[in-house]
Amino acid sequence: MTNLKGKVALVTGGTGGIGAAICLRLAEAGAKVVTNYRNEEKARKWQEAAKTKGFDIAVYQADVSSLEECTDLVKQIEAEIGPVDILVNNAGITKDTTFRKMTKEQWDAVMNINLDSLYNVTKQVIDHMTSSGWGRIINISSINGQKGQIGQTNYTASKAGMHGFTMSLAQEVARKGVTVNTVSPGYIATEMVMAVPEEIRDKIIAGIPVGRLGTSEEIAALVGYLCSEEAGFATGADFSINGGQHMM
Ligand code: NDP
C-alpha cells in the first residue's frame, strides 16, 4: 500500500459512490483526507459512517461550480488541516438529453460543475504544490468523454475537456514535481448504475468484455497508485479503466 503519511488530500464529491471509495483508500494510505459537500445532512451521515469504519474524514461545505466557495474552502483547509498536496477532481453530474432537446441551463449546469470546477479548485492548490516540489492532481473523467454517447453532448464535452486540461497543466508543472492525470472509468456499480432497470443493466454488461460492472474500489486503487511516489513518471495520461469496453 502506498504511504501517504503527512499528505493532505482533497477529494471533491467524496460523499458519492466513487469519491467515497477514493477518500477511504487515501485515508488507508495515511493521508489526511478532506471532502466537500452541498448537502450537509448527507455529508454528516456519510462522515459518521466513515468514522464507524475507523476513518476520520473532514467535510466542508463548498459548491465546486463557485470560484468564491472554492477559494474559501481551500483557505479553511489550509488554516485547519494544512496545504493540499493531493487533489482529486471527482465531483460531477449528468443532465442527459439529446442535443436538439438540450436547454442552455442543462448545458451550463454540466459545464460549470464538471469543467469550470477544474479551474475553481485546482487554482487554489497549484501554487503550494509547485512551491513545495511535490503534488498529485487526478481528474475523474469518463469512458464517454473518450468515445461519445447519445444524449450526453454536455457531459461528454465536459469530460473530454477535462483531459485537455490534464495534458496542458501536466506540461506546465512537470518540472516542479507535480503530476496531473486523468482517470476515465467505464460503468461502475454505483447507486446510479444499480438503479438502472436490470434488463438494461444486463445489456450494458453484455457490452463489457470482462462481463461485469467495475467497482468504486477498483477506481480508488488506481487513484491510490497515481498518488504514490512510484507514479512520479506517469503524467499527462488518460487511464482507461472500463473492463475492456473501449480500447484506445
Ligand atoms: P455520485 O453522483 O455518486 O457522486 C457525485 C458527487 O459529486 C456527490 O458527492 C455530489 O455531492 C458531488 N457534487 C455534485 N455536484 C457538486 C457541486 N456542484 N459541488 C460539490 N459537489 C458536487 O457520482 P459517482 O460517484 O458515480 O461519480 C463520480 C465521478 O465519476 C463523476 O465525475 C462521474 O462523472 C464520474 N464517472 C462515474 C461513472 C459511474 O459509472 N458511476 C462512470 C464514469 C465516470 P452532493 O450529493 O452533495 O451533490
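Relevant structure appears above.
Residues numbered from 1 in each chain as written. Predicted model: local features only at pLDDT ≥ 70, side-chain atom pairs only at ≥ 80, totals over all residues. Heavy atoms only, no water.

A. The pattern of salt bridges, seen in detail. According to the stated counting rule, one finds four salt bridges in the structure shown. Between K104 and D108 there is a salt bridge, with the nearest N and O atoms lying 2.8 Å from each other. Placement of the pair is K104 and D108 together in helix α4 (residues 104-132), with a separation of four residues, close to one helical turn. Overall, D108 belongs to the partly exposed group, its relative accessible area being 26%. (Salt bridge = Lys/Arg side-chain N within 4 Å of Asp/Glu carboxyl O. Helix = DSSP H or I, 4+ residues; strand = E, 2+ residues; numbered from the N terminus. Buried < 20%, exposed > 50% of the residue type's maximum accessible area, 1.4 Å probe, protein only.)

B. How the structure looks around the pairing of strand β4 (residues 86-89). With burial as the criterion, each face of β4 is covered, one bearing I86 and V88 and the other bearing L87 and N89. Of the pairings in the sheet, the one linking strand β1 (residues 8-11) to β4 comprises three bridges and is parallel in character. Looking at the pairing, V11 lines up with V88 of β4. Summarising the sheet, β4 and strand β5 (residues 135-140) pair through four bridges and their orientation is parallel. Bridging across to β5, L87 finds its partner in I137. (Pairing = 2+ DSSP bridges.)

C. Representation of the site of the ligand in the model. Taken together, 28 residues surround the ligand, and among them R38, K42, D63, N90 and Y155 come closest. The contact in question runs from an oxygen atom of the ligand to an N or O atom on the backbone of G17, over 3.0 Å. A distance of 3.0 Å is found between an oxygen atom of the ligand and a backbone nitrogen or oxygen belonging to I188. Within the complex, 88% of the 890 Å² of free accessible area of the ligand lies under protein. For the shell around the ligand, the secondary structure elements donating two or more residues are α1 (17-28) and α6 (153-173). When grouped by side-chain class, the residues that make up the shell around the ligand number 12 nonpolar, 12 polar and four charged. (Near = heavy atom within 4 Å. Polar contact = N/O pair within 3.5 Å; in protein donor to acceptor, adjacent residues only side chain to side chain. Areas by Shrake-Rupley, 256 points an atom, 1.4 Å probe, with all protein chains shown as cover. Nonpolar A, V, L, I, M, F, W, Y, C, P; charged D, E, K, R; others polar.)

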